[in-house]
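# What the coordinates show
The chain contents come next:
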Amino acid sequence: SMIAQARNNYPDIDFEVQEATDFTYNQSFDAVFSNATLHWIPEAAKVIACVYAALKPGGRFVAEMGVQGNVDRIINAIRKVLQANGYAGQAARKIWYFPSLGAYTSLLEQAGFRVRYATSFDRETLLEDEENGIADWINMFGAAFLEGIGEQKRKALVLEMQEAMRSSSYRDGRWYADYKRLRFIAVKEALPA
C-alpha cells in the first residue's frame, strides 16, 4: 500500500518491490538509503551484498536502524508477561535483529565498504496515544509475539504488558519507547584510476 501511494503521489518516479536479501538491477545507483527497516531482516550479510552490488563505485549506503539494546524494556515486558501466562514458545520468539555497532560495521567492511561514519545513540521516543501508547506499539510492531493467542486473551496480555512498563516508561501522562539507534554512512570504494 505504501508503494501504491508513492506511485500515486509521484507518477514520474519508478517504484519497485524486491526482496532485501535478493535484489538486482540492470543499473547502478549513487546511493541507497534505509530507515527503520534493516532491523527486521536478520540476514544482514545478504542485504549488504545486494546493496554493494547495486551501488556505483563511490556510492553511499546510508541507514538508520535499531541497535543492540533497542526497545529492551518493551521486549523484556513482553517476554515476562508471556512466560508468566504460560506462553513460553511465544516469549522465546526473536523477531528483530539489533546488532551492536561493531558487529554491523564489521559486516559492512567485510563486504568491501569503507565505513565513513557510524554512531549509536539513545533516542527515547514519545508515543502518540497517551492512554495506550505501549499497547498500540506492541500490537503494531510486536504482533509476532502474540500469534496463535486468541483475541480476548491477546488483548488482556497486551494490557498486562503495558502495565508492567508503567514505572519505567510512563511519565507526565505520556508513554515513551526506549529506542536505541545505529546510524551509518558506508561508501563503496571507487575503483583506482
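The following paragraphs examine the structure supplied in this document. What you are looking at is a predicted structure, and each value in this text was computed from that prediction instead of being measured.

## Here we look at the packing of helix α6 (residues 133–141) against helix α7 (residues 151–164)
In contact at an axis separation of 8 Å, α6 and α7 are set at 125 degrees when each is read in the N-to-C sense. If you check the angle between α6 and α7, you find them oblique. Here α6 and α7 pass one another in a crossing that is right-handed. The segment α6 lies against α7, with Gly133, Ile134, Ala135, Ile138 and Asn139 engaging Arg154, Val158, Leu159, Met161 and Gln162. Residues of the contact of α6 with α7, tallied by class, amount to six nonpolar, three polar and one charged.

## A word on the environment of isoleucine 149
On the secondary structure map, isoleucine 149 appears in the loop between α6 and α7. Separated by 62 residues in the primary sequence, isoleucine 149 and tyrosine 87 have C-alpha atoms spaced 8.9 Å apart. Excluding anything up to four places from it in sequence, isoleucine 149 contacts Leu82, Tyr87, Gln90, Arg154 and Leu157.

## Remarks on unusual backbone geometry
Located in the positive-phi region is alanine 36, a residue other than glycine, with phi close to 60 degrees. A relative accessible area of 30% means that alanine 36 is categorised as partly exposed. Within the chain, valine 71 stands out as a residue other than glycine whose phi angle is a positive 45 degrees. Inspection of the secondary structure assignment puts valine 71 in the loop between β2 (55–66) and α3 (72–84). Taking relative accessible area as the criterion, valine 71 reaches 1% and is therefore assigned buried.

## A look at the packing of α3 against α7
For the pair α3 and α7, the least separation of the axes is 9 Å and the interaxial angle reads 125 degrees. With respect to α7, the element α3 is oriented oblique. The interaxial crossing formed by α3 with α7 has right-handed handedness. Across the interface between the two elements, Ala77, Ile78, Val81 and Leu82 of α3 pack against Leu157, Glu160, Met161 and Ala164 of α7. For the contact of α3 with α7, a count of residues per class yields seven nonpolar, no polar and one charged.

## Let's talk about the packing of aromatic side chains
One pass over the full model with this rule turns up 13 aromatic pairs. Ring geometry for tryptophan 40 and tryptophan 96: centres 5.7 Å apart, planes at 70 degrees, overall edge-to-face. Taken as a pair, tryptophan 40 in the loop between β1 (29–35) and α2 (44–54) and tryptophan 96 in the loop between α4 (88–91) and α5 (101–110) lie far apart in primary sequence, 56 residues in all. Note on tryptophan 40: relative accessible area 37%, which makes it partly exposed. With a centroid separation of 4.6 Å and an interplanar angle of 55 degrees, the aromatic rings of tyrosine 170 and tryptophan 175 are classed as tilted. Three or more aromatic residues joined by ring pairs make a cluster, and in this case those are Trp40, Trp96, Phe98, Trp137, Phe141 and Phe145. The aromatic ring of tyrosine 176 is capped on one face by arginine 171, whose charged end is 4.0 Å from the ring centroid.

Definitions and cut-offs
Residues numbered from 1 in each chain as written. Predicted model: local features only at pLDDT ≥ 70, side-chain atom pairs only at ≥ 80, totals over all residues. Heavy atoms only, no water. Axes fitted to C-alpha atoms, helices over the stretch in contact; angles between N-to-C directions. Helix = DSSP H or I, 4+ residues; strand = E, 2+ residues; numbered from the N terminus. Parallel < 35°, antiparallel > 145°, perpendicular 65-115°, else oblique. Left-handed = near helix turned anticlockwise from the far one by under 90°. Contact = heavy atoms within 4.5 Å. Nonpolar A, V, L, I, M, F, W, Y, C, P; charged D, E, K, R; others polar. Buried < 20%, exposed > 50% of the residue type's maximum accessible area, 1.4 Å probe, protein only. Phe/Tyr/Trp six-rings, centres within 6.5 Å; stacked < 30°, edge-to-face > 60°. Lys NZ or Arg CZ within 6 Å of the ring centre and 35° of its normal.

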